[in-house]
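# Observations on the model geometry
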Amino acid sequence: MKISLCMIVKNEEKYIAQCLKSAALLVDEIIIVDTGSTDNTLEIASEFQPKIFRHPWENDFGKARNHSLAQATGDWILVLDADESLYMEDIQKLKDILKQTKANGVSLKFHNFIDEGSEENYNTHMGVRIFKNHCFHYQGAIHEQLMPINNTVAINIETTDVRVRHFGYLKSNSGKKKRERNIPIIQKLLDENPQDSFQLFNMGNEYMSDDDYNKALLYFEKAYENKDVTLAYCPHLIFRRAICLHYLKRDEESLAILGEGVMLYPKCIDYEYLRGRIYKSHKQYSMAIASFEKCISIGAAPLNLTFFSDTEGFRSFVELGQIYFLQDDFEKALSYYLKALGLKNNHYELLYKCGELFNKMHSDKNLVGARLEKLFADGYYINNVLVIVDVLLKERLYPQAAEYFKRIEDDKVYIEDILYLKGRLLFYQKDYENAFNGFVSVIESENDIHLLPEVKARSLEYAVICYLASKQNGLLKCGLERISPLVEAVEDEEKKQVLLSFIEKTEVVFAESAKPGIYRMLSEILQIAEFELFEQSLSILNQIDSKEVLLDLANIYYINGYKEMALKNIMRSIKELDIINANAVQILNKEFLLSE
């Protein structure tokens, strides 16, 4: 059995090496058809001894793909794009399938990543990418479809759970150039056949990837008028139409579409999951709970009806945990978070949720650390202790955090993480000089391998606050000459400007994306009770392009225990700006119910 990899490429230097590295473990020959690369794509590919053919680009993907198939000499053909790669651990499974299958085509499961920093967040689709040579060819100038080469070939596809990574949907990759290339090709096809539901769907996807939900919905609606529920793209059409409506705040219509989807494809639990998310966003918690519980009871959907990952378990458990937390049913919230952790114990963010629950559930704060420790097999293993200390610090349980920190303070593994935690312990003790020196050591370290999240970025924020607090108190030991070069070295311009605004009171106008960093720093200043510095720093709120600044300030007060100030700012927002949001309503409900 000989397998040929067939690819068409153009300027794919970013991913082609990992694509070919994964495929080389399976295939016997590599066919690359280049349609005009001007970067290092072919130089990188040459390390894998491919057969390279050059083919002029004619605005027709099907024609280019067929040219690659014509060069293949294998019994089977694997088709991959350069931004795709096989999961190494699935390759032997795929080999075994090809040895025994009676099919002439094999469908693979694609993980379309949507988060730059994680392979945990993806949507999925199925695609026939391995097939017998001389049985199929491609039709269509774009989003080309695999079709039998003649009437004598019967289609016989085996569906598998063999996985393929796909990086093309990341924002950094699905950019303007791709849309400028794709949209004219699709438009030409629509000019020839305006009722082509599949191409209308494809055009909608192009605008959806550009966050133009109004235009995307226009095409999805037209596609839906002539839908064929037997075709593979139709479940995706319904799902994406519902998502567009949701983003456009037309949730009643979105729920109606999802209801149609459930009727047409009752085994597709992702429709139910999205319904649950919408109900939850409107605080219709009973309806949301029913949807997520239904996802769990139905179980995993068929692969061709799966768009998200883990909605039958992990994702629904987390959603239910969040709902019961919002309802102050801490025992139920904890039970669902623990179920989610049981499925994916590498999701440390759930440990922070559990820590918050333990803190709310126990008046004896020593029990918080003890219960956290029981979630780990070894309460002295450094990785586990680092997380426990970080959780306790987040919960403002400083004495308990200090006790656990003793277990690791002399450890030589994850030195920067240890310095970071020690700096925070000193920070909350108002030992700003020693805390500052620790944070600077973390920032200046060449080591970028950390267990805890964003150690260097958070260290810089704390160092800036240490400098400001020292200056405020007349202790100028944490010098500007040390902090300025570190801030200037920040590559993210928005984050740099946030830090400079705290230090130098620059007057940059910030988008809403800057809010988390600004509010995090204000919250830390309030937590150390540097009230004068806090009041002076509040001027930065005037630089945020948002109508909800007073409500966000109220939330900062609220989470730090200043409930009266939180209520005052909510009322100001209502009276002066006529603005209120769901979080503010929740605060008002809680406080007024408690006062009755």
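Reference entry: report on the structure contained in this document.

Cut-offs used in this document
Residues numbered from 1 in each chain as written. Predicted model: local features only at pLDDT ≥ 70, side-chain atom pairs only at ≥ 80, totals over all residues. Heavy atoms only, no water. Axes fitted to C-alpha atoms, helices over the stretch in contact; angles between N-to-C directions. Helix = DSSP H or I, 4+ residues; strand = E, 2+ residues; numbered from the N terminus. Parallel < 35°, antiparallel > 145°, perpendicular 65-115°, else oblique. Left-handed = near helix turned anticlockwise from the far one by under 90°. Contact = heavy atoms within 4.5 Å. Nonpolar A, V, L, I, M, F, W, Y, C, P; charged D, E, K, R; others polar. Buried < 20%, exposed > 50% of the residue type's maximum accessible area, 1.4 Å probe, protein only. Phe/Tyr/Trp six-rings, centres within 6.5 Å; stacked < 30°, edge-to-face > 60°. Lys NZ or Arg CZ within 6 Å of the ring centre and 35° of its normal. Expected span 1.5 Å × (residues − 1).

Quick look at the packing of helix α16 (residues 382-394) against helix α17 (residues 398-405) now. At a closest axis distance of 8 Å, the pairing of α16 and α17 adopts a crossing angle of 165 degrees. Between α16 and α17, the interaxial angle falls into the category roughly antiparallel. Considering the relative orientation of α16 and α17, their crossing is left-handed. Along its contact with α16, which presents Val385, Ile388, Val389, Leu392 and Leu393, the element α17 presents Tyr398, Gln400, Ala401, Tyr404 and Phe405. Here the contact of α16 with α17 is built from residues that sort into 9 nonpolar, 1 polar and no charged.

So, on to the side chain of serine 85. Within the secondary structure, serine 85 sits in strand β5 (residues 84-86). Of the residues examined, serine 85 reaches a relative accessible area of 4% and is grouped as buried. Each residue touching serine 85, except ones within four places of it in the same chain, is listed here: Gln18, Cys19, Ser22, Val164, Arg165 and Phe167.

A few words on the packing of aromatic side chains. Ring pairs (aromatic) are described by centroid distance and by the angle formed between their planes. This structure, assessed with the given rule, holds 29 aromatic pairs. Site record: aromatic cluster; members linked through ring pairs are Tyr398, Tyr420, Phe427, Tyr428, Tyr432, Phe439 and Tyr462. Sitting over the face of the ring of tyrosine 219, lysine 222 holds its NZ or CZ atom 5.7 Å from the ring centroid. Its guanidinium or amino end placed over the ring of tyrosine 224, lysine 227 lies 4.1 Å from that ring's centre, counting from NZ or CZ.

Secondary-structure assignment places tyrosine 336 in helix α13 (residues 330-343). Given a relative accessible area of 12%, tyrosine 336 falls into the buried group. Spatially, the C-alpha atom of tyrosine 336 lies 48 Å from that of proline 184, the residues being 152 residues apart in sequence. Every residue in contact with tyrosine 336, bar those within four places of it in the chain, is listed here: Glu293, Phe317, Leu320, Gly321 and Tyr324.

Unlike most non-glycine residues, asparagine 59 shows phi in positive territory, near 55 degrees. Secondary-structure assignment places asparagine 59 in the loop between β3 (51-54) and α3 (61-70). For asparagine 59, a relative accessible area of 44% gives the class partly exposed. With a phi close to 60 degrees, aspartate 211 is a non-glycine residue in the positive phi region. With respect to the helices and strands, the residue aspartate 211 is situated in the loop between α6 (197-209) and α7 (213-225).

Here α16 spans 18 Å end to end across 13 residues, near enough to the 18 Å set by a 1.5 Å rise per residue. Within α16, 12 of the 13 residues are buried, which leaves the element mostly enclosed by the surrounding structure. Taken together, the buried positions of α16 are occupied by Ile382, Asn383, Asn384, Val385, Leu386, Val387, Ile388, Val389, Asp390, Val391, Leu392 and Leu393. Where the residues of α16 are buried, they touch α14 (349-361), α15 (366-374), α17 and α18 (415-428).

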